[in-house]
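One letter stands for each residue in the lines below.
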Amino acid sequence: MQTKAAMPSEPLCRPNTVSHFEIEHFVVSNGIHADIRNFGWEHSCKATFKVESFYLDYSLKPRSSRSRLLQSDRRHTPPPGEMVFLPEGSVFDAECSPCEQRLLCLTFNNENASRLLQDDAHALDMAPCFDVRAARVRELMVQLAQEVRAPGFGCDVFVESAALMLTVELCRHLQSRPTANTDQQGGIADWRLRRINDRIEADMGGPLSIADLAADCGMSSRHLIRTFKKSVGRTLIDFIADARLRRAERELAEEDALIKVVAYNCGFRSAAAFSASFRKSKGLTPKQFREKHFRYSS
């Protein structure tokens, strides 16, 4: 075990644009780096974040959603959950707003861990996971946080052993994602439905192509179209159109909302196209809908 005074180098996967950065506690054992880090931004900024090692973190306080990582091709990434996994070599665009983060971070230069994480048998599943929901992984991260804060007898052995067990549990979790909750009749998995919903909500104002949604889900466009309709009972195109109109209803209920701005926010090319689509679905023009809404509100 190495103490804070003997830390061999800068911690891996450190954000470079932060206003302040502190390693509160750390343990380094046979290529496993476990540290509790506290950092934050005083001003908004944009940067590029390259992941230098396989990375797993666990938030020790409610995580701020004001700082986000985006795929370098600007594809949507969901808000981070309690635990985040990033594969080595990933590159993200970072959008940072004033906030504070306090995390337990694990980075892996351990030969055994790297062999598991780079195993060809599941290499395709080594995609970023911004919300790792695995009870066993969380349990081990909590134990590691306690050990890093207050090292006990055999701390280095404990940390290495726990980190390797974490690696196994994480790989099992990531391998199970593509097939979990998929019905036997060829329907779409729940995690894919959640990812589609997240992408639609995040990119409502832009072009939403089926090819992009399929890429996010690791499927071909044709397979996504077929399995989506089988699971949801309607086409993906209709689902997106309904989502746009639901967003439009919410925005039209805002007193200072301009119809042409609502149209743009909801992905319509023009106010006329928005009005025609809205009227076909709701039986009212956007203006009539607003008048009716505010009359009832009053």
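Residues numbered from 1 in each chain as written. Predicted model: local features only at pLDDT ≥ 70, side-chain atom pairs only at ≥ 80, totals over all residues. Heavy atoms only, no water.

1. Describing the overall build of the chain
Counting its secondary structure elements, the chain contains ten helices and eight strands. Counting across all 298 residues of the chain, residues that qualify as buried make up 44%. In the chain, 70% of the contacts between residues at least 6 apart in sequence involve partners at least 24 apart. Carbon and sulfur atoms make up 50% of the accessible area of the chain, which totals about 15,700 Å². (Helix = DSSP H or I, 4+ residues; strand = E, 2+ residues; numbered from the N terminus. Buried < 20%, exposed > 50% of the residue type's maximum accessible area, 1.4 Å probe, protein only. Contact = heavy atoms within 4.5 Å. Areas by Shrake-Rupley, 256 points an atom, 1.4 Å probe, with all protein chains shown as cover.)

2. Section: the pairing of strand β6 (residues 83-86)
Neither face of β6 is left uncovered, since the one carrying Met 83 and Phe 85 and the one carrying Val 84 and Leu 86 both have all their residues buried. Direction of pairing for strand β4 (residues 54-59) relative to β6: antiparallel, over a ladder of four bridges. Opposite Tyr 58, over in β6, you have Met 83 as the bridge partner. (Pairing = 2+ DSSP bridges.)

3. With respect to helix α5 (residues 210-217)
Considered for burial, the residues of α5 that qualify are Ile 210, Leu 213, Ala 214, Asp 216 and Cys 217. Take α5 and look down its axis: the buried residues cluster within an arc of 160°, on one side only. For α5, the secondary structure elements touched by its buried residues are α4 (190-202), α6 (221-232) and α7 (236-252). (Arc of directions from axis to C-beta.)

4. Overview of the side chain of Ser 53
Here Ser 53 is to be found in the loop between β3 (45-50) and β4. Looking at Ser 53, the relative accessible area reads 1%, which means it is buried. Engagement of the side chain of Ser 53 in a polar contact is seen with the backbone nitrogen of Phe 108, the distance being 2.9 Å. Other than its neighbours up to four places away in sequence, Ser 53 contacts Leu 12, Cys 13, Leu 86, Pro 87, Glu 88, Thr 107, Phe 108 and Asn 109. (Polar contact = N/O pair within 3.5 Å; in protein donor to acceptor, adjacent residues only side chain to side chain.)

5. Quick look at the sheet that holds strand β8 (residues 99-108)
Taken together, five strands build an open sheet; the order of strands is β1-β2-β8-β4-β6 and the sheet is antiparallel. Of all the strands in the sheet, the pair left with one neighbour each is β1 (20-29) and β6. Adjacent strand axes in the sheet meet at a mean angle of 20° when their direction is disregarded. With six bridges connecting them, β4 and β8 associate as antiparallel partners. Bridge pairing in β8 links Tyr 58 to Leu 104. Sheet strands touched by helix α2 (residues 135-149): β1, β2 (32-41), β4, β6 and β8. Its angle to β8, the strand with the most contacts, is close to 100°. (Axes fitted to C-alpha atoms, helices over the stretch in contact; angles between N-to-C directions.)

6. Considering the pattern of salt bridges
Here the structure, examined in full by the defined rule, presents 13 salt bridges. Its salt-bridge partner being Arg 199, residue Asp 203 comes within 2.5 Å of it at the nearest N-O pair. Given the relative accessible area of 21%, Asp 203 is considered partly exposed. (Salt bridge = Lys/Arg side-chain N within 4 Å of Asp/Glu carboxyl O.)

7. Quick look at unusual backbone geometry
Phi angles above zero are rare outside glycine, and Cys 13 is one such case at about 60°. Of note, Cys 13 is situated in the segment before β1. Positive phi, close to 50°, is recorded for Asn 30, a residue that is not glycine. Its location among the elements puts Asn 30 in the loop between β1 and β2.

8. Comments concerning the nonpolar core
Judged by nonpolar contacts, the single largest core of 31 residues is most densely connected at Phe 85, Leu 106, Phe 108 and Met 141. Put simply, the parts of the chain that give this core at least two residues each are β2, β4, β6, β8, α1 (111-117), α2 and α3 (155-176). Within the second largest apolar cluster, 22 residues are counted, among which are Ile 23, Phe 26, Val 28 and Phe 39. (Core = buried A, V, L, I, M, F, W, Y, C linked by side-chain atoms within 4.5 Å.)

On their own, these measurements won't tell you what the molecule is for.
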